[in-house]
Amino acid sequence: MKTNILFIGGAGFIGSNLIRKMVPSKYVIHVVEPKGAYVRRLQNCDVSIHECSLSDVEGINTIIKENEIGIVVHLVSTLIPGSSYEDYKNEYQNMIFPSIELMEICAEHGIKFVYFSSGGTIYGNRNDVFPFIEQDPMAPISYYGWSKQMMENSILFMHRTKGLKYLIVRPSNPYGHGQSLFGKQGLVAVAIGKILKGEPVEVWGDGSAVRDYIYIDDLAEIFSQLILNDVHNTTLNIGSGRGYSVNDVLAFLKIVSQKDFKIEYKNPRPVDVSNMVLDISNLMQYVNIEFTPFMDGIKAFYKESLKQEL
């Protein structure tokens, strides 16, 4: 018997890639997106798309009941690390509070709640270079990270008090096909976009900041295994377990693109952490995967981006 799974925000970069990796013989896929949302990434996918805003909890509840949803995957956030307090207030009202109501609905009906948090911002900053483990304190330094912490705490509260079945995953920095080249988030994608337009790549700080990057196909494969194996009531880092500096990434892109593009270094932002690599020891107890080498992933993403431009 197939499981009905609902992706809230499933038409985005991450969600669309997760959906394409799900085993059709095991799942019936439903997606919730607000009216007018960009859903082209889901072309040729066997999914049912429901027009409904997350803030419309009653509407979401109706979708869940009518389609006998067994798993809800929450991918929605309107914030980025550089978001302001005003952005955060809007996020709290239209995303966080309705999500808490949704958690109660899931708990009441025995529905598994899967939340995509952020391995890149949830832990905050620290001076050493050791990888972050899931038990490290959550100490975000941006409103984006704070919103993720509030969501995680709400999930754990609902688990303690209402018996909510959950899975919290903390991805590092996913990159790859389907990611917007002209947005404000995602170093690899934004840099490729600048290269293709012949514009300088902007770097906040001196380029020494280290991040953990994971190819989107690897993230999707890991997610599919976690769902297939019904991993629940735990929090897991999802990354490659390796770190690369911003300057490393740009050096790789110069090799791949064969272009000596200009780099503009700007003053560092207080919302950016200096070092973020995830310890994935816990994750590897549940999944079996061979990670895509970073250079190979960048090369594949760049070639795919060239096709889009032609």
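All of the points below concern the structure found in this document. It should be emphasised that the depicted structure is a prediction, and the values quoted were computed from it without experimental measurement. (Residues numbered from 1 in each chain as written. Predicted model: local features only at pLDDT ≥ 70, side-chain atom pairs only at ≥ 80, totals over all residues. Heavy atoms only, no water.)

### Regarding unusual backbone geometry
Line of reasoning, step 1. You will see that asparagine 233, though not glycine, has its phi angle at about 55 degrees, which is positive.
Line of reasoning, step 2. Its place among the elements puts asparagine 233 in the loop between helix H6 (216–228) and strand E11 (234–238).
Line of reasoning, step 3. Asparagine 233 sits in the partly exposed class, given a relative accessible area of 34%.
Line of reasoning, step 4. Non-glycine residue glutamine 258 carries a positive phi angle of around 60 degrees.
Line of reasoning, step 5. By the element assignment, glutamine 258 lies in the loop between helix H7 (246–257) and strand E13 (263–266). (Helix = DSSP H or I, 4+ residues; strand = E, 2+ residues; numbered from the N terminus. Buried < 20%, exposed > 50% of the residue type's maximum accessible area, 1.4 Å probe, protein only.)

### Considerations on the sheet that holds strand E6 (residues 166–171)
Line of reasoning, step 1. Pairing is parallel across the open sheet formed by 7 strands, whose spatial order is E3-E2-E1-E4-E5-E6-E11. The open sheet is flanked by strand E3 (47–51) and E11, the only strands paired with a single partner. Across the sheet, the axes of successive neighbouring strands diverge by a mean angle of 20 degrees, strand direction being ignored.
Line of reasoning, step 2. As paired elements, strand E1 (residues 3–8) and strand E2 (residues 27–33) share 6 bridges and run parallel to each other. (Pairing = 2+ DSSP bridges. Axes fitted to C-alpha atoms, helices over the stretch in contact; angles between N-to-C directions.)

### Observations regarding the pairing of E6
Line of reasoning, step 1. For E6, the tally of buried residues reaches 6 of 6 residues, placing the bulk of the element in the interior.
Line of reasoning, step 2. Both faces of E6 are covered, namely the face carrying Tyr166, Ile168 and Arg170 and the face carrying Leu167, Val169 and Pro171.
Line of reasoning, step 3. Pairing geometry for strand E5 (residues 112–116) and E6, over 4 bridges, is parallel. If you follow tyrosine 115 over to E6, its bridge partner there is isoleucine 168.

### Points about the pattern of salt bridges
Line of reasoning, step 1. This structure, assessed with the given rule, holds 11 salt bridges.
Line of reasoning, step 2. For glutamate 86, the salt bridge identified is with lysine 89, shortest N-O distance 3.3 Å. In this pair, glutamate 86 and lysine 89 are both assigned in helix H3 (residues 85–109), 3 residues apart and thus about one turn of the helix distant.
Line of reasoning, step 3. By relative accessible area, glutamate 86 is classed as exposed at 51%.
Line of reasoning, step 4. Look at the salt bridges and you will find they share partners, linking Lys112, Lys165 and Asp230 into a network. (Salt bridge = Lys/Arg side-chain N within 4 Å of Asp/Glu carboxyl O.)

### Some words on a nonpolar patch on the surface
Line of reasoning, step 1. Judged by side-chain polarity, Tyr85, Tyr143 and Trp146 come together as a nonpolar surface patch covering roughly 300 Å² of accessible area.
Line of reasoning, step 2. Judged by its relative accessible area of 43%, tyrosine 85 falls in the partly exposed class. (Patch = residues over 30% accessible without salt bridge, like charges linked within 9 Å, V, L, I, M, F, W, Y side chains within 5 Å. Areas by Shrake-Rupley, 256 points an atom, 1.4 Å probe, with all protein chains shown as cover.)

### A short note on the packing of helix H5 (residues 187–197) against H7
Line of reasoning, step 1. Two elements in contact, H5 and H7, have axes separated by 11 Å at closest approach and are oriented at 45 degrees. When the interaxial angle is binned, H5 and H7 end up oblique. Taken as a pair, H5 and H7 cross one another with a handedness that is right-handed. Two secondary-structure elements touch here, H5 through Leu187, Val188, Ala191, Ile192 and Ile195 and H7 through Val246, Val249, Leu250, Leu253 and Ser257. (Parallel < 35°, antiparallel > 145°, perpendicular 65-115°, else oblique. Left-handed = near helix turned anticlockwise from the far one by under 90°. Contact = heavy atoms within 4.5 Å.)

### Some thoughts on the packing of helix H2 (residues 57–66) against H3
Line of reasoning, step 1. Taken N-terminus to C-terminus, the directions of H2 and H3 make an angle of 30 degrees; their axes are 10 Å apart at the nearest point. As judged from the angle between their axes, H2 and H3 are roughly parallel. The hand of the H2/H3 crossing is right-handed. Where H2 approaches H3, its residues Val57, Ile60, Asn61, Ile64 and Lys65 are matched on the opposing element by Pro98, Glu101, Leu102, Ile105 and His109.
Line of reasoning, step 2. A per-class count over the contact of H2 with H3 returns 6 nonpolar, 2 polar and 2 charged. (Nonpolar A, V, L, I, M, F, W, Y, C, P; charged D, E, K, R; others polar.)

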